[in-house]
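Residue-level listing of the chains:
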Amino acid sequence: MVVDKALRVVRALRNIMRNHSGPQVKKRKLLAGVAASIIRYGAPIWAEATDRQWCRRILNRVQRPLAQGIVSAFHSTSCEAAAVLSGELPYRLLIGEDARCYRRQQEDPEASKAAVRREEHEESLRQWQQQWNDAAASSTASRYIRWTHRMIPEVRLWTGRRHGEMDFFLSQALSGHAFVHEFLNVCEFAPSPDCPRCAGSVESVAHVLFVCPRFADVRAELLQRGTDDDVDEDNLGRRLLESAETWNRVQQASKRIFSVLQEDWREESRALAASRTTQAGSSQDPPMDSTEAEQILQRRREARNRDARSRRQLRRMERLGDVQLAPALLARTTASETVQRSEEVAVEEAGSSVPAILQQSRGLLPSLTTTDARGLLPNLNQQRYSERVRAGTLAPLPGVRRRRGRQPASAIELEQQRQRRQENERARRLRHRQARDMEIEAQPPPLNELPGSGSPERTPVLSTAEEAAVTEEATSGR
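This report concerns the structure included in the present document. (Residues numbered from 1 in each chain as written. Predicted model: local features only at pLDDT ≥ 70, side-chain atom pairs only at ≥ 80, totals over all residues. Heavy atoms only, no water.)

Focus: the overall build of the protein
Argument step 1. For the protein, the helix and strand inventory stands at 21 helices and zero strands.
Argument step 2. Among the 478 residues that make up the protein, the fraction classed as buried is 34%.
Argument step 3. Summarising the internal contacts of the protein: among those between residues at least 6 apart in sequence, 64% fall at separations of at least 24. (Helix = DSSP H or I, 4+ residues; strand = E, 2+ residues; numbered from the N terminus. Buried < 20%, exposed > 50% of the residue type's maximum accessible area, 1.4 Å probe, protein only. Contact = heavy atoms within 4.5 Å.)

The structure is reproduced here in structure tokens:
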């Protein structure tokens, strides 16, 4: 399948496109074109399938990691935002453009290919702008999509610029996915979204870039705050497109600010891991086993999947324009999810111990607590077994994985299985012996055992008179 081949190329390219190192943006775009050429093979034939949701989802699986790698963005950045930041036309629109160019060439072979491609590319840019505006204006759009759309409202101006390259720190400033407490709290890597320096203020990208007094010297030096040529929250995207000098100043400011925030987050992670270890050692509650921790994580995954399904269902309803059925289904879905979530919250609040397995990272480096938990998890069952050996009680382990959910066989069942194996072996040997006897009976006897084999005398076939007549007839013609 074409998508499987493209995904193999994507996995190989992602190892090269690292956030803190690797080739430049122009070379990354050149490498990403390999996967795009694989996807575009025979596009005019199956271009109509891109109107379906499942086909768009498959195309996003290929383009999203490549677009994130081009701009060195977090893995949690959406496909729409990553495509705009990288300036890569979405594959769905690119395939539609190829199909339109092919049809026009078939209708008018004398037309200029360059002119046709130029006109259809303008149409693709218009559709991309409409799609980008609809994604930001949707009721289910995230705050990060709206922030990126606020910074980059015009796709044509952003993709047609002649200066500036994206990097890891500028991508954080434009996407909202950064080392700030607001985003880390959403990913459950920080206990609170508030700024540690500003009481009552949420530490977002806009806060650290333009408000927080901790980085006032960076704003005065690079963003020129307090002057007529300053950079603020309302004109950041426009000022980036003005000149290469402004681009470099904003890029340097983002690097200095988010580098400090990244180091602060690492120190907070180490301190939080140390505090959790101390609390676990001083508390009298028994440690949570792997089975209970897996159940808590499974409930969290199910809740997150329900949220994603409800968002997709709402987008589908908005696209179809079903205004009568949408409110009823939305109310029913919300009510069911509210009941399930309240039960899960009650179960999680009832336990006081910390889960042994933390939630996996969404594009960020795993914390020290997560790394330690993953390293100690394989030894959990062995430790429990050693404790039972010392205590003299060898009860079944709670975390034993049984094949297909079957219970271990009892002594009676084991004895029955042994008897069945013996009976099957005896039946097999009996069938083999009978088949061998039948083969022996079917073989012909030896010549020395035939009847009359002991008498060497031969019975003549012709009489004496008949032999004389044959001899005379054979010699009469000489």
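Points about the pattern of salt bridges
Argument step 1. Under the counting rule described, the total for this entry stands at 19 salt bridges.
Argument step 2. Between Arg-117 and Glu-97 there is a salt bridge, with its nearest N and O atoms 2.9 Å apart. Separated by 20 residues along the polypeptide, Arg-117 in helix 7 (residues 113-137) and Glu-97 in helix 6 (residues 91-107) bring together distant segments of the chain.
Argument step 3. A relative accessible area of 3% means that Glu-97 is categorised as buried.
Argument step 4. For Arg-104, the salt bridge identified is with Glu-119, shortest N-O distance 2.9 Å. A residue pair is termed long-range when its members are at least 10 positions apart, and Arg-104 in helix 6 and Glu-119 in helix 7 qualify at 15 residues.
Argument step 5. You can call Glu-119 partly exposed: its relative accessible area is 44%.
Argument step 6. One salt-bridge network, held together by shared partners, links Arg-40, Glu-97, Asp-98 and Arg-117. (Salt bridge = Lys/Arg side-chain N within 4 Å of Asp/Glu carboxyl O.)

Things to note about the packing of aromatic side chains
The geometry of an aromatic ring pair comes down to the distance between the two centres and the angle between the two planes.
Argument step 1. A complete count under the given rule lists nine aromatic pairs for this structure.
Argument step 2. Geometrically, the ring pair formed by Phe-179 and Trp-265 is tilted, given 5.6 Å between the ring centres and 45° between the ring planes. One end of the pair, Phe-179, is in the loop between helix 10 (168-175) and helix 11 (181-186); the other, Trp-265, is in helix 15 (residues 244-282), and 86 residues separate them in sequence.
Argument step 3. What links up through ring pairs into an aromatic cluster is the set Phe-74, Tyr-144, Phe-168, Phe-169, Phe-179, Phe-183, Phe-189 and Trp-265. (Phe/Tyr/Trp six-rings, centres within 6.5 Å; stacked < 30°, edge-to-face > 60°.)

Notes on the side chain of Gln-68
Argument step 1. Locating Gln-68 in the fold gives a position in helix 4 (residues 53-71).
Argument step 2. Note on Gln-68: relative accessible area 3%, which makes it buried.
Argument step 3. From its side chain, Gln-68 meets the backbone oxygen of Thr-77 in a polar contact 2.7 Å long.
Argument step 4. Those residues in contact with Gln-68, other than ones at most four positions away along the chain, are Arg-14, Ala-73, Phe-74, His-75, Thr-77 and Ala-82. (Polar contact = N/O pair within 3.5 Å; in protein donor to acceptor, adjacent residues only side chain to side chain.)

Focus: a positive patch on the surface
Argument step 1. Together, Arg-57, Arg-309, Arg-311, Arg-312, Arg-315 and Arg-316 make up a region of like positive charge exposed at the surface.
Argument step 2. With five residues, helix 16 (residues 290-320) is the largest single contributor of residues to the positive patch.
Argument step 3. Here Arg-309 is to be found in helix 16. (Patch = residues over 30% accessible without salt bridge, like charges linked within 9 Å, V, L, I, M, F, W, Y side chains within 5 Å. Areas by Shrake-Rupley, 256 points an atom, 1.4 Å probe, with all protein chains shown as cover. Lys, Arg positive; Asp, Glu negative; His and termini not counted. Charge placed at Lys NZ, Arg CZ, Asp CG, Glu CD.)

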